[in-house]
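Structure assessment
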Amino acid sequence: MFANKAKSFKSLAALRSVNVGVASQNKLFSTLSTHTRSPYKQFYSAANTTAAFNGNRSSVAENEVQRRRSYSTILPSAEQPAIKKKKTLTLLGTGWGSTTILKNLDTDKFDVVVVSPRNYFLFTPLLPSCTVGTTENRSIMEPIRHIVGRHGKNIRFYEAQCSDIDMAAKELVLERSVDKDNGDSAATHAVTSTTRINYDYLVVGVGGTYNTFGTPGVQEHALFLKEMGDASKIRRRLKDTIEKASFDSISEQERSRLLHMVVVGGGPTGVEFAGELHDLIEEDLSKWVPELAKQVKITLIEALPNVLPSFDKKLVTYTQQMFKKNGIQLMTSTAVKEVKESTLVVRDANTGLETEIPYGTIVWAAGIRAREFAHTLRSKVPEIQNNGRGLIIDDYLRVKGTPNIWALGDCTVSKNAPLAQVASQQGKWLAKALNSMAKDEQQLEDAYSRIERSVKPFVYSSNGSLAYIGGERAIAEIPMFNKSITAGGPLASLFWKSYCLWELFSVRSSMSVATDWIKRSIFGRHISVD
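First, a word on scope: everything that follows refers to the structure included in this document. (Residues numbered from 1 in each chain as written. Predicted model: local features only at pLDDT ≥ 70, side-chain atom pairs only at ≥ 80, totals over all residues. Heavy atoms only, no water.)

Observations concerning helix α16 (residues 447-454)
Residues Ala447, Tyr448, Arg450 and Ile451 constitute the buried set of α16. Mapping the buried residues of α16 onto a view down its axis gives an arc of 165°, with all of them on the same face. Those residues of α16 that are buried lie in contact with β9 (201-204), β21 (405-407) and α15 (420-438). By the N-cap criterion, in which a side-chain oxygen at the helix start approaches the backbone nitrogen of a residue two or three places on, α16 is capped by aspartate 446, the distance to tyrosine 448 being 3.1 Å. (Buried < 20%, exposed > 50% of the residue type's maximum accessible area, 1.4 Å probe, protein only. Helix = DSSP H or I, 4+ residues; strand = E, 2+ residues; numbered from the N terminus. Arc of directions from axis to C-beta. Contact = heavy atoms within 4.5 Å. Polar contact = N/O pair within 3.5 Å; in protein donor to acceptor, adjacent residues only side chain to side chain.)

Structural data, given as structure tokens:
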């Protein structure tokens, strides 16, 4: 009997050894007894009466069982399986690749974080048309939260620039600049705030920016055409140039210089901008200021022997013929050596002769390079990432020399060209690969090995090439039946417009662009800016 009493005292002591005081225990059992049956109250009462000390063995034993059962519902059990935590997948950028991943990723499998300095997706094929008012800026800007919301995705978004990475700690450094105004507009200044976030998997889709190739004066004097801000700057420059040239007080030589528009780069962006510029002059300036419209001159400079080097030769010839007909001067096999404030120096590759050409507006569309973060990541593994153009990736889009990091789009170096449709296909493939990896319940291998085991390597399949060349004409190269079908003219322009409306990310954007085109055809363009 004394042994049983001692056992009862030990049980009572065990109860009181929980990390709460006696008063807290009383409150706990009082609360529980109002929501459950009487065992809690019976035990607690029995444990504090003399019946337990008078040899009531069955009561004490029963109370001991109740105590253990009760505490198993309050305290966590080591035998209960822990809830599996989702891995954090961080996407850098809101371009073609990253946005396509968002549309196709199973976010039930990941905690998704998106980091980008811009909170929208930009439909770049129509960016040249925004420079002259054919399409309004907001019509081709799709808010990233709209894309997320339409697919029911629970995703965190940070409007910030990723400036550094710690691969060992799996940590990213984010910077965000905010204009601080103390009540005096002249005293407004930018304040940079810094924060750090962690990731398990990282996808780098920061895209590319313009490439000056080290040409002196380009950064200081040229305009670029890569972002929406660039299109707005060009639109403002065109407006200012036309207004300035309309003054009678300037000389004819100065007016001729102001009205000379130079485009550097004979790729799709440069060709399309030259075509849009021609349409502005012929359809609108000829009505607003007919005497000035006759003096406007457009020159396109390309270092290679032909423009549009990735297109079929027949389409290249057709484009050059149409440019000649539209009065657009082509200077091929010509390299820009220096850009000055009002002139640029070019060298003919065939003769070696250098010429200085006066200009009023110069738009640089001569290639791209990876953005700064790609080079920051390259610097972490310089022995492997030794290509200055961007991140070297393999056929599974893995960044060579890094763990759990993938990259896609214009910031990468691979066998594929830096095209929007390449980045889009890469995003769709990578979303499928990540979804397949997340379905692996065992997860005994690393992420790279699981993806390699579950999907085939990425293979780009061309959907064709399109380019608008002005005058309601376009060129098209479409792969079909194991051969390439080429076309150029008004019908190809209709196909190009249909493709753009189809590829826009929402019905709202498609309707906005279509409305812009209708308004332009009825009322004409306007290049007014704030």
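Points about the pairing of β9
Each regular strand carries side chains that alternate between the two faces of the sheet. Side chains of β9 alternate between two faces, with Tyr201 and Val203 and Leu202 and Val204 buried alike. Bridge count for strand β1 (residues 87-92) against β9 is four bridges, and the pairing is parallel. Across the sheet, leucine 91 pairs through a bridge with valine 203, a residue of β9. Bridge count for β9 against β21 is three bridges, and the pairing is parallel. Along β21, the bridge assignment pairs valine 203 with tryptophan 406. (Pairing = 2+ DSSP bridges.)

Topic: a nonpolar patch on the surface
Taken together, Met480, Phe481 and Ile485 make up a surface patch of nonpolar side chains, about 320 Å² in accessible area. Within the fold, isoleucine 485 resides in strand β25 (residues 483-489). (Patch = residues over 30% accessible without salt bridge, like charges linked within 9 Å, V, L, I, M, F, W, Y side chains within 5 Å. Areas by Shrake-Rupley, 256 points an atom, 1.4 Å probe, with all protein chains shown as cover. Salt bridge = Lys/Arg side-chain N within 4 Å of Asp/Glu carboxyl O.)

As for the sheet that holds strand β12 (residues 260-264)
Strand order in the open sheet made by the five strands is β11-β18-β12-β13-β14, with parallel pairing throughout. The two strands at the open ends of the sheet, each matched to only one other strand, are β11 (223-224) and β14 (328-331). For β12 and strand β13 (residues 297-301), the ladder comprises five bridges, and the chain directions are parallel. Bridge pairing in β13 places valine 262 opposite threonine 299.

Remarks on the pattern of salt bridges
In this structure the tally under the stated criterion is 23 salt bridges. Residue lysine 86 pairs with aspartate 111 through a salt bridge whose shortest N-O separation is 3.7 Å. Taken together, the positions of lysine 86 in the loop between α4 (57-74) and β1 and aspartate 111 in strand β2 (residues 110-116) put the pair 25 residues apart, joining distant regions of the chain. A residue is classified by how much of its surface remains accessible, and lysine 86, at 34% relative accessible area, is partly exposed. Its salt-bridge partner being aspartate 164, residue lysine 380 comes within 3.1 Å of it at the nearest N-O pair. Pair noted here: lysine 380 is in the loop between α14 (372-378) and β20 (391-392) and aspartate 164 is in strand β6 (residues 161-166), with a separation of 216 residues, a long-range link.

Points about the side chain of arginine 255
Mapped onto the elements, arginine 255 comes out in helix α10 (residues 252-258). A residue is classified by how much of its surface remains accessible, and arginine 255, at 6% relative accessible area, is buried.

What to know about unusual backbone geometry
Backbone geometry at glutamate 472 places phi at a positive 55°, although glycine is not the residue there. Locating glutamate 472 in the fold gives a position in the loop between β23 (465-470) and β24 (473-480). When its relative accessible area of 27% is taken as the criterion, glutamate 472 is described as partly exposed. Of note in the backbone geometry, asparagine 482 takes a positive phi value of approximately 65° without being a glycine. Along the chain, asparagine 482 turns up in the loop between β24 and β25.

Some words on the pairing of strand β18 (residues 361-364)
Residues of β18 alternate between two faces, with Thr361 and Val363 on one and Ile362 and Trp364 on the opposite face, all of them buried. Both β11 and β18 contribute to a ladder of two bridges, which runs parallel. When the bridges of β18 are listed, phenylalanine 224 appears paired with tryptophan 364.

Looking at the side chain of aspartate 230
Mapped onto the elements of the fold, aspartate 230 is located in helix α9 (residues 228-245). Buried and unpaired, aspartate 230 has no salt bridge, with lysine 233 as the nearest side chain of opposite charge at 4.9 Å. Within the local environment of aspartate 230, its side chain forms a polar contact with the backbone nitrogen of lysine 226, the two atoms lying 3.0 Å apart. Excluding residues within four positions of it along the chain, aspartate 230 makes contact with Phe224 and Leu225. (Lys, Arg positive; Asp, Glu negative; His and termini not counted.)

Considering helix α5 (residues 96-104)
Counting buried positions along α5 yields seven of nine residues, so the element is predominantly enclosed. Taken residue by residue, α5 has Trp96, Gly97, Ser98, Thr99, Thr100, Ile101 and Leu102 as its buried positions.

Description of the packing of aromatic side chains
Two aromatic rings, taken as a pair, are described by how far apart their centres are and by the angle between their planes. A full pass over the atoms with the stated rule returns 12 aromatic pairs. Ring geometry for tryptophan 96 and phenylalanine 123: centres 5.6 Å apart, planes at 50°, overall tilted. Pair noted here: tryptophan 96 is in helix α5 and phenylalanine 123 is in the loop between β3 (120-122) and α6 (127-130), with a separation of 27 residues, a long-range link. The exposure classification of tryptophan 96 matches that of phenylalanine 123, with both residues buried. Note on phenylalanine 121 and phenylalanine 505: the rings are 4.3 Å apart at their centroids and 35° apart in plane angle, and the pair reads as tilted. With phenylalanine 121 in strand β3 and phenylalanine 505 in the loop between α17 (490-503) and α18 (507-523), this residue pair connects regions lying 384 residues apart in the sequence. Residue classification places phenylalanine 121 among the buried positions, given a relative accessible area of 1%. Put simply, the rings of Trp96, Phe121, Phe123 and Phe505 pair up and form one aromatic cluster. Taking the ring centre of phenylalanine 505 as reference, the NZ or CZ of lysine 103 above it sits at 4.5 Å. If you follow arginine 398 out to its NZ or CZ, it ends over the ring of tyrosine 448, 5.4 Å from the centre. (Phe/Tyr/Trp six-rings, centres within 6.5 Å; stacked < 30°, edge-to-face > 60°. Lys NZ or Arg CZ within 6 Å of the ring centre and 35° of its normal.)

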